[in-house]
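Here is what each chain is made of, one letter per residue.
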Amino acid sequence: MYTINVITPARRWAVVAAAAALTAGPAALAGAGPAHATGESGSASAAVLRTGLDVALLDRTVHAPLTVSLNEVRAPESARRTALTATLDGVDGGKPFSVLRAEVADAKATVNGGRAEASTTLAKARLHVPGLPLLSVVELEAVSSKAVCEAGRSPHASATLPASVTVLGKRVALSAGGPTHVEVPGVGEVRLDLSKTGTTSTTAAATALRLEVSLNPLELNVAEVEGTLTLAEARCETPAAPAADAPAAASPAAPEADGVQPQGAREERAAPAEANLAETGGDSVTPYVAGGAVALLAAGGTAVAVSRRGRGN
(Lines give C-alpha, C1' and ligand atoms only; values in the text may rest on other atoms or scores of the structure.)
Protein backbone atom coordinates (compact mmCIF):
# COMPACT_ATOMS: atom_id res chain seq x y z
CA MET A 1 0.00 0.00 0.00
CA TYR A 2 2.57 2.52 1.10
CA THR A 3 4.87 1.81 -1.82
CA ILE A 4 2.01 2.14 -4.27
CA ASN A 5 0.93 5.42 -2.67
CA VAL A 6 4.46 6.80 -2.99
CA ILE A 7 4.98 5.82 -6.65
CA THR A 8 1.53 6.71 -7.93
CA PRO A 9 1.83 10.50 -7.47
CA ALA A 10 5.26 10.46 -9.10
CA ARG A 11 3.88 8.60 -12.09
CA ARG A 12 0.92 10.97 -12.17
CA TRP A 13 3.29 13.97 -12.15
CA ALA A 14 5.35 12.43 -14.97
CA VAL A 15 2.20 12.01 -17.06
CA VAL A 16 1.13 15.57 -16.27
CA ALA A 17 4.59 16.87 -17.18
CA ALA A 18 4.51 14.96 -20.47
CA ALA A 19 1.04 16.29 -21.20
CA ALA A 20 2.22 19.80 -20.42
CA ALA A 21 5.17 19.37 -22.78
CA LEU A 22 2.88 18.14 -25.54
CA THR A 23 0.52 21.02 -24.86
CA ALA A 24 3.37 23.54 -25.07
CA GLY A 25 4.73 21.94 -28.25
CA PRO A 26 2.15 23.39 -30.68
CA ALA A 27 2.58 26.82 -29.06
CA ALA A 28 6.34 26.66 -29.58
CA LEU A 29 5.91 25.63 -33.21
CA ALA A 30 3.38 28.36 -33.80
CA GLY A 31 5.79 30.96 -32.46
CA ALA A 32 8.69 29.81 -34.70
CA GLY A 33 8.95 31.65 -38.02
CA PRO A 34 10.90 30.59 -41.14
CA ALA A 35 14.64 30.80 -40.52
CA HIS A 36 15.87 30.74 -44.11
CA ALA A 37 16.63 33.90 -46.09
CA THR A 38 15.06 33.84 -49.55
CA GLY A 39 17.90 35.60 -51.34
CA GLU A 40 15.41 37.87 -53.09
CA SER A 41 17.71 40.85 -52.56
CA GLY A 42 20.16 39.44 -55.09
CA SER A 43 19.96 40.25 -58.80
CA ALA A 44 21.49 39.28 -62.13
CA SER A 45 21.21 40.77 -65.61
CA ALA A 46 22.79 40.20 -69.00
CA ALA A 47 22.71 41.67 -72.50
CA VAL A 48 24.37 40.51 -75.69
CA LEU A 49 24.12 43.95 -77.31
CA ARG A 50 23.06 47.40 -76.18
CA THR A 51 23.20 50.49 -78.40
CA GLY A 52 23.12 54.16 -77.52
CA LEU A 53 23.50 55.98 -80.84
CA ASP A 54 22.49 59.32 -82.23
CA VAL A 55 21.79 59.31 -85.96
CA ALA A 56 21.76 62.64 -87.79
CA LEU A 57 20.19 62.90 -91.23
CA LEU A 58 21.78 64.69 -94.16
CA ASP A 59 20.11 68.01 -93.49
CA ARG A 60 21.38 67.78 -89.88
CA THR A 61 18.08 69.15 -88.59
CA VAL A 62 16.78 65.75 -87.48
CA HIS A 63 18.48 63.50 -84.96
CA ALA A 64 17.07 60.00 -84.45
CA PRO A 65 18.15 58.02 -81.39
CA LEU A 66 18.89 54.35 -81.89
CA THR A 67 18.55 52.62 -78.51
CA VAL A 68 17.97 48.94 -79.05
CA SER A 69 19.21 45.79 -77.36
CA LEU A 70 19.52 42.09 -78.11
CA ASN A 71 18.90 39.35 -75.55
CA GLU A 72 18.69 41.70 -72.58
CA VAL A 73 17.43 39.66 -69.62
CA ARG A 74 17.03 39.84 -65.86
CA ALA A 75 16.95 36.87 -63.50
CA PRO A 76 15.42 34.41 -63.74
CA GLU A 77 15.46 34.61 -67.55
CA SER A 78 17.43 33.60 -70.59
CA ALA A 79 17.25 34.52 -74.27
CA ARG A 80 18.68 33.24 -77.53
CA ARG A 81 18.22 35.39 -80.62
CA THR A 82 20.88 35.66 -83.30
CA ALA A 83 19.68 38.70 -85.28
CA LEU A 84 18.54 42.25 -84.56
CA THR A 85 16.95 44.69 -87.02
CA ALA A 86 15.65 48.21 -86.49
CA THR A 87 13.92 51.02 -88.37
CA LEU A 88 14.39 54.79 -88.19
CA ASP A 89 12.23 57.40 -89.84
CA GLY A 90 14.11 59.06 -92.65
CA VAL A 91 16.78 56.35 -92.91
CA ASP A 92 16.61 54.40 -96.18
CA GLY A 93 12.98 55.36 -96.60
CA GLY A 94 11.96 53.81 -93.29
CA LYS A 95 13.02 50.32 -94.30
CA PRO A 96 14.34 47.91 -91.64
CA PHE A 97 18.11 47.63 -91.47
CA SER A 98 20.34 45.06 -89.84
CA VAL A 99 22.01 45.99 -86.57
CA LEU A 100 23.54 42.63 -85.66
CA ARG A 101 23.68 39.13 -87.06
CA ALA A 102 25.42 36.21 -85.35
CA GLU A 103 25.58 32.45 -85.32
CA VAL A 104 25.39 32.34 -81.51
CA ALA A 105 23.92 35.01 -79.24
CA ASP A 106 22.93 33.82 -75.76
CA ALA A 107 22.19 35.59 -72.49
CA LYS A 108 21.33 34.00 -69.16
CA ALA A 109 20.67 35.37 -65.67
CA THR A 110 19.76 33.37 -62.55
CA VAL A 111 19.31 33.94 -58.82
CA ASN A 112 19.12 30.72 -56.84
CA GLY A 113 19.39 30.63 -53.06
CA GLY A 114 22.58 32.44 -52.13
CA ARG A 115 23.99 32.66 -55.67
CA ALA A 116 23.37 35.15 -58.50
CA GLU A 117 24.96 34.60 -61.90
CA ALA A 118 24.81 36.24 -65.32
CA SER A 119 26.54 35.23 -68.55
CA THR A 120 26.57 36.09 -72.26
CA THR A 121 28.04 34.50 -75.37
CA LEU A 122 28.36 35.98 -78.86
CA ALA A 123 30.00 34.21 -81.79
CA LYS A 124 30.46 34.81 -85.51
CA ALA A 125 28.91 38.26 -85.26
CA ARG A 126 28.68 41.29 -87.55
CA LEU A 127 27.57 44.67 -86.23
CA HIS A 128 26.17 47.46 -88.45
CA VAL A 129 24.99 51.03 -87.95
CA PRO A 130 22.62 53.10 -90.11
CA GLY A 131 24.21 54.44 -93.29
CA LEU A 132 26.69 51.58 -93.65
CA PRO A 133 24.64 48.69 -95.02
CA LEU A 134 27.60 46.83 -96.53
CA LEU A 135 30.48 47.72 -94.24
CA SER A 136 30.45 46.23 -90.75
CA VAL A 137 31.51 48.39 -87.85
CA VAL A 138 33.00 45.27 -86.25
CA GLU A 139 33.24 41.57 -87.08
CA LEU A 140 34.38 39.11 -84.42
CA GLU A 141 34.77 35.40 -83.85
CA ALA A 142 33.62 35.07 -80.23
CA VAL A 143 33.27 37.07 -77.05
CA SER A 144 31.75 36.20 -73.70
CA SER A 145 31.29 37.62 -70.22
CA LYS A 146 30.36 36.23 -66.83
CA ALA A 147 29.55 37.66 -63.40
CA VAL A 148 29.07 35.51 -60.28
CA CYS A 149 27.93 36.80 -56.87
CA GLU A 150 27.69 34.16 -54.14
CA ALA A 151 26.92 34.71 -50.48
CA GLY A 152 30.01 34.28 -48.33
CA ARG A 153 32.41 34.69 -51.25
CA SER A 154 33.92 37.59 -53.14
CA PRO A 155 32.08 38.47 -56.37
CA HIS A 156 33.85 37.49 -59.60
CA ALA A 157 33.69 39.00 -63.10
CA SER A 158 35.43 37.85 -66.28
CA ALA A 159 35.35 38.46 -70.02
CA THR A 160 36.98 36.71 -72.97
CA LEU A 161 37.97 38.18 -76.34
CA PRO A 162 39.55 36.86 -79.53
CA ALA A 163 43.08 37.86 -80.45
CA SER A 164 41.81 40.12 -83.22
CA VAL A 165 38.68 41.61 -84.77
CA THR A 166 37.80 43.36 -87.99
CA VAL A 167 36.86 47.04 -87.60
CA LEU A 168 35.53 49.02 -90.61
CA GLY A 169 37.08 46.39 -92.88
CA LYS A 170 40.49 46.46 -91.16
CA ARG A 171 41.95 43.51 -89.26
CA VAL A 172 43.02 44.80 -85.85
CA ALA A 173 44.97 42.99 -83.13
CA LEU A 174 43.45 43.55 -79.70
CA SER A 175 45.68 44.68 -76.86
CA ALA A 176 44.90 44.41 -73.18
CA GLY A 177 47.09 47.44 -72.52
CA GLY A 178 44.41 50.02 -73.35
CA PRO A 179 41.82 51.14 -75.91
CA THR A 180 42.31 50.51 -79.61
CA HIS A 181 41.68 53.27 -82.19
CA VAL A 182 40.74 52.59 -85.77
CA GLU A 183 40.29 55.39 -88.32
CA VAL A 184 39.12 55.03 -91.91
CA PRO A 185 39.25 58.16 -94.14
CA GLY A 186 35.87 59.18 -95.49
CA VAL A 187 34.06 56.86 -93.06
CA GLY A 188 35.05 57.81 -89.54
CA GLU A 189 36.70 56.35 -86.47
CA VAL A 190 36.02 53.71 -83.84
CA ARG A 191 37.51 53.37 -80.38
CA LEU A 192 37.40 49.94 -78.77
CA ASP A 193 37.54 49.50 -75.00
CA LEU A 194 38.36 45.90 -74.20
CA SER A 195 37.27 43.58 -71.45
CA LYS A 196 36.07 45.92 -68.74
CA THR A 197 35.47 44.18 -65.40
CA GLY A 198 34.78 45.48 -61.93
CA THR A 199 33.79 44.15 -58.52
CA THR A 200 32.77 45.47 -55.11
CA SER A 201 32.06 43.61 -51.89
CA THR A 202 28.57 42.69 -53.18
CA THR A 203 28.51 43.31 -56.97
CA ALA A 204 30.30 42.26 -60.13
CA ALA A 205 30.14 43.52 -63.73
CA ALA A 206 31.85 42.48 -66.95
CA THR A 207 31.74 43.89 -70.49
CA ALA A 208 33.60 42.08 -73.24
CA LEU A 209 33.72 44.95 -75.73
CA ARG A 210 32.59 48.58 -75.80
CA LEU A 211 32.79 50.64 -78.96
CA GLU A 212 32.68 54.42 -79.23
CA VAL A 213 31.85 55.37 -82.81
CA SER A 214 31.95 58.62 -84.75
CA LEU A 215 31.05 57.96 -88.36
CA ASN A 216 29.98 59.98 -91.39
CA PRO A 217 28.56 57.46 -93.86
CA LEU A 218 26.84 59.97 -96.21
CA GLU A 219 24.66 57.12 -97.48
CA LEU A 220 20.99 56.26 -97.02
CA ASN A 221 20.31 59.88 -95.98
CA VAL A 222 22.60 59.48 -92.96
CA ALA A 223 25.12 62.24 -92.24
CA GLU A 224 26.58 61.19 -88.87
CA VAL A 225 26.37 58.36 -86.37
CA GLU A 226 27.78 58.88 -82.90
CA GLY A 227 27.50 57.00 -79.63
CA THR A 228 28.30 53.68 -78.01
CA LEU A 229 27.84 49.98 -78.70
CA THR A 230 28.20 47.50 -75.82
CA LEU A 231 28.77 43.80 -76.46
CA ALA A 232 28.45 40.93 -73.98
CA GLU A 233 27.56 42.58 -70.69
CA ALA A 234 26.87 40.71 -67.41
CA ARG A 235 26.06 42.06 -63.94
CA CYS A 236 25.10 40.60 -60.56
CA GLU A 237 24.47 41.49 -56.93
CA THR A 238 25.02 39.06 -54.05
CA PRO A 239 21.84 37.66 -52.46
CA ALA A 240 21.41 37.44 -48.70
CA ALA A 241 23.04 34.37 -47.18
CA PRO A 242 20.63 31.59 -46.13
CA ALA A 243 20.38 31.48 -42.32
CA ALA A 244 20.74 28.26 -40.34
CA ASP A 245 17.69 26.83 -38.61
CA ALA A 246 17.36 28.20 -35.09
CA PRO A 247 14.78 27.06 -32.48
CA ALA A 248 12.40 29.80 -31.45
CA ALA A 249 11.33 30.40 -27.85
CA ALA A 250 7.94 29.01 -26.93
CA SER A 251 5.18 31.57 -26.79
CA PRO A 252 3.53 31.93 -23.36
CA ALA A 253 0.28 30.07 -23.11
CA ALA A 254 -2.83 32.23 -23.18
CA PRO A 255 -4.68 32.48 -19.81
CA GLU A 256 -7.74 30.30 -19.49
CA ALA A 257 -11.16 31.85 -19.03
CA ASP A 258 -12.59 31.79 -15.49
CA GLY A 259 -14.42 28.59 -14.69
CA VAL A 260 -13.41 26.92 -17.98
CA GLN A 261 -10.32 24.75 -17.83
CA PRO A 262 -9.25 21.88 -20.05
CA GLN A 263 -8.68 18.60 -18.34
CA GLY A 264 -4.91 18.81 -18.78
CA ALA A 265 -4.83 22.19 -17.00
CA ARG A 266 -6.65 20.85 -13.94
CA GLU A 267 -4.24 17.94 -13.66
CA GLU A 268 -1.26 20.24 -14.12
CA ARG A 269 -2.39 22.57 -11.34
CA ALA A 270 -3.02 19.66 -8.96
CA ALA A 271 0.30 18.04 -9.71
CA PRO A 272 2.63 20.15 -7.50
CA ALA A 273 0.75 19.30 -4.29
CA GLU A 274 0.72 15.60 -5.11
CA ALA A 275 4.39 15.75 -6.03
CA ASN A 276 5.20 17.17 -2.58
CA LEU A 277 3.27 14.38 -0.94
CA ALA A 278 5.18 11.82 -2.92
CA GLU A 279 8.47 13.34 -1.92
CA THR A 280 7.61 13.05 1.82
CA GLY A 281 6.19 9.54 1.49
CA GLY A 282 2.49 10.28 1.97
CA ASP A 283 -0.67 11.08 0.11
CA SER A 284 -4.38 11.70 0.84
CA VAL A 285 -4.84 8.39 2.82
CA THR A 286 -1.86 9.01 5.07
CA PRO A 287 -3.95 10.49 7.97
CA TYR A 288 -6.08 7.35 8.09
CA VAL A 289 -3.05 5.10 8.22
CA ALA A 290 -1.57 7.21 10.99
CA GLY A 291 -4.88 7.16 12.96
CA GLY A 292 -5.12 3.38 12.68
CA ALA A 293 -1.59 3.02 13.98
CA VAL A 294 -2.37 5.18 17.01
CA ALA A 295 -5.50 3.11 17.73
CA LEU A 296 -3.53 -0.13 17.55
CA LEU A 297 -0.93 1.22 19.95
CA ALA A 298 -3.64 2.28 22.36
CA ALA A 299 -5.32 -1.11 22.19
CA GLY A 300 -2.02 -2.85 22.72
CA GLY A 301 -1.30 -0.70 25.77
CA THR A 302 -4.69 -1.53 27.27
CA ALA A 303 -4.19 -5.25 26.75
CA VAL A 304 -0.81 -5.14 28.49
CA ALA A 305 -2.28 -3.27 31.43
CA VAL A 306 -5.12 -5.79 31.85
CA SER A 307 -2.69 -8.67 31.59
CA ARG A 308 -0.52 -7.28 34.38
CA ARG A 309 -3.48 -6.76 36.63
CA GLY A 310 -4.57 -10.33 36.09
CA ARG A 311 -1.11 -11.59 37.05
CA GLY A 312 -1.04 -9.47 40.11
CA ASN A 313 -4.34 -10.85 41.26
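Just so you know, these numbers come straight off a predicted model, no measurement behind them. (Residues numbered from 1 in each chain as written. Predicted model: local features only at pLDDT ≥ 70, side-chain atom pairs only at ≥ 80, totals over all residues. Heavy atoms only, no water.)

A.B. asks: For this particular structure, what's the right way to read the overall build of the protein?
C.D. replies: A count of helical and extended segments in the protein gives three helices and 16 strands. Burial statistics for the protein: of 313 residues in total, 34% are counted as buried. For the protein, contacts bridging at least 24 residues in sequence account for 59% of all contacts bridging at least 6. With an accessible surface of roughly 18000 Å², the protein has 56% of that area assigned to carbon and sulfur atoms. (Helix = DSSP H or I, 4+ residues; strand = E, 2+ residues; numbered from the N terminus. Buried < 20%, exposed > 50% of the residue type's maximum accessible area, 1.4 Å probe, protein only. Contact = heavy atoms within 4.5 Å. Areas by Shrake-Rupley, 256 points an atom, 1.4 Å probe, with all protein chains shown as cover.)

A.B. asks: Hey, could you run me through the state of the cysteines in this one?
C.D. replies: Linking two cysteines covalently via their sulfur atoms produces the bond known as a disulfide. Per the counting criterion, the structure on display carries one disulfide. Covalent S-S linkage joins C149 and C236, the inter-sulfur distance amounting to 2.1 Å. The sign of the S-S torsion, about 75°, decides the handedness of the disulfide formed by C149 and C236: right-handed. Highlighted residues: C149 in strand β9 (residues 138-150) and C236 in strand β16 (residues 222-237), separated in sequence by 87 residues. Each member of the pair, C149 as well as C236, carries the same accessibility label: buried. (Disulfide = S-S within 2.5 Å.)

A.B. asks: Help me understand the nonpolar core, please; the structure alone is not making it clear to me.
C.D. replies: Across soluble globular proteins, you tend to see nonpolar side chains buried next to one another. Core analysis: the biggest nonpolar cluster contains 62 residues, and L122, L140, V167, V190, L192, L211 and L215 have the highest contact counts within it. With near-sequence residues (within four places) excluded, L122 lies in contact with V48, L100, A102, V104, A105, L140, E141, A142, V143 and L231. (Core = buried A, V, L, I, M, F, W, Y, C linked by side-chain atoms within 4.5 Å.)

A.B. asks: Explain the environment of L209 here, please?
C.D. replies: Of note, L209 is situated in strand β15 (residues 203-215). Considered as a pair, L209 and E233 are 24 residues apart in the sequence and their alpha carbons are 8.3 Å apart. Excluding its chain neighbours within four sequence positions, the residues that come into contact with L209 are L140, L161, L192, D193, L194, L229, T230 and L231.

A.B. asks: Please explain the side chain of T207 as it appears in this structure.
C.D. replies: Along the chain, the position of T207 falls in strand β15. Beyond its immediate stretch of four places on either side in the chain, T207 contacts A159, S195, K196, T230, L231, A232 and E233.

A.B. asks: When you look at the side chain of S45 in this model, what are you seeing that I'm missing?
C.D. replies: Mapped onto the elements of the fold, S45 is located in strand β1 (residues 43-57). Owing to a relative accessible area of 16%, S45 belongs among the buried residues under this scheme. When residues no more than four places from it in sequence are discounted, the contact partners of S45 are V73, R74, A109, A118, E233, A234 and R235.

A.B. asks: Just to check I follow, could you spell out the pattern of salt bridges for this structure?
C.D. replies: A complete count under the given rule lists twelve salt bridges for this structure. Of the charged contacts in the structure, one is a salt bridge between E117 and R115, with a shortest N-O distance of 3.0 Å. Across the pair E233 and R235 runs a salt bridge whose closest N-O atoms are separated by 3.7 Å. (Salt bridge = Lys/Arg side-chain N within 4 Å of Asp/Glu carboxyl O.)

A.B. asks: Where do I start with the pairing of strand β13 (residues 180-184) in this structure?
C.D. replies: Two faces make up the sheet, and in a regular strand the side chains alternate between them. Across the two faces of β13 the burial differs, with T180, V182 and V184 buried and H181 and E183 not buried at all. Between β13 and strand β14 (residues 188-199), which pair antiparallel in sequence order, lie three residues; one of them, G186, sits at a positive phi of approximately 80°. (Pairing = 2+ DSSP bridges.)

A.B. asks: Whenever I open this one, the confidence of the model for the protein confuses me. Can you help?
C.D. replies: Confidence in the prediction for the protein averages 76 pLDDT; 64% of positions are at 70 or higher. For the protein, helix α1 (residues 2-31) is the element with the lowest average pLDDT, namely 37, and strand β4 (residues 73-74) is the one with the highest, namely 98. In this model, residues 1-39 is a region of pLDDT below 50 whose contacts with residues beyond four sequence positions or in other chains number 39 contacts. With pLDDT under 50 throughout, residues 303-307 is counted as low confidence; its partners more than four residues away or in other chains account for zero contacts. (pLDDT = per-residue confidence, 0-100.)

A.B. asks: So what exactly am I meant to see when it comes to the pairing of β14 here?
C.D. replies: Where β13 meets β14, five bridges bridge the pair, whose relative direction is antiparallel. Looking at the pairing, H181 lines up with R191 of β14. Pairing of β14 with β15 involves eleven bridges; the strand directions are antiparallel. When the sheet's bridge partners are listed, E189 is paired in β15 with S214.

A.B. asks: Please clarify how unusual backbone geometry should be interpreted in this entry.
C.D. replies: For residues that are not glycine, phi is negative in most cases, and the peptide bond is trans in most cases. For the bond from A75 to P76, the omega torsion is -5°, close enough to zero to count as cis. Assignment of secondary structure puts P76 in the loop between β4 and β5 (77-80). A positive phi is found at L168, a non-glycine position, where the angle reads about 50°. Within the chain, N221 stands out as a residue other than glycine whose phi angle is a positive 65°. Tracing the sequence through the fold places N221 in the loop between β15 and β16.

A.B. asks: Would you mind going over the environment of G186 with me for this structure?
C.D. replies: Turning to its location among the elements, G186 is positioned in the loop between β13 and β14. Considering only alpha carbons, one finds G186 and N216, 30 residues apart in sequence, at a separation of 7.2 Å.

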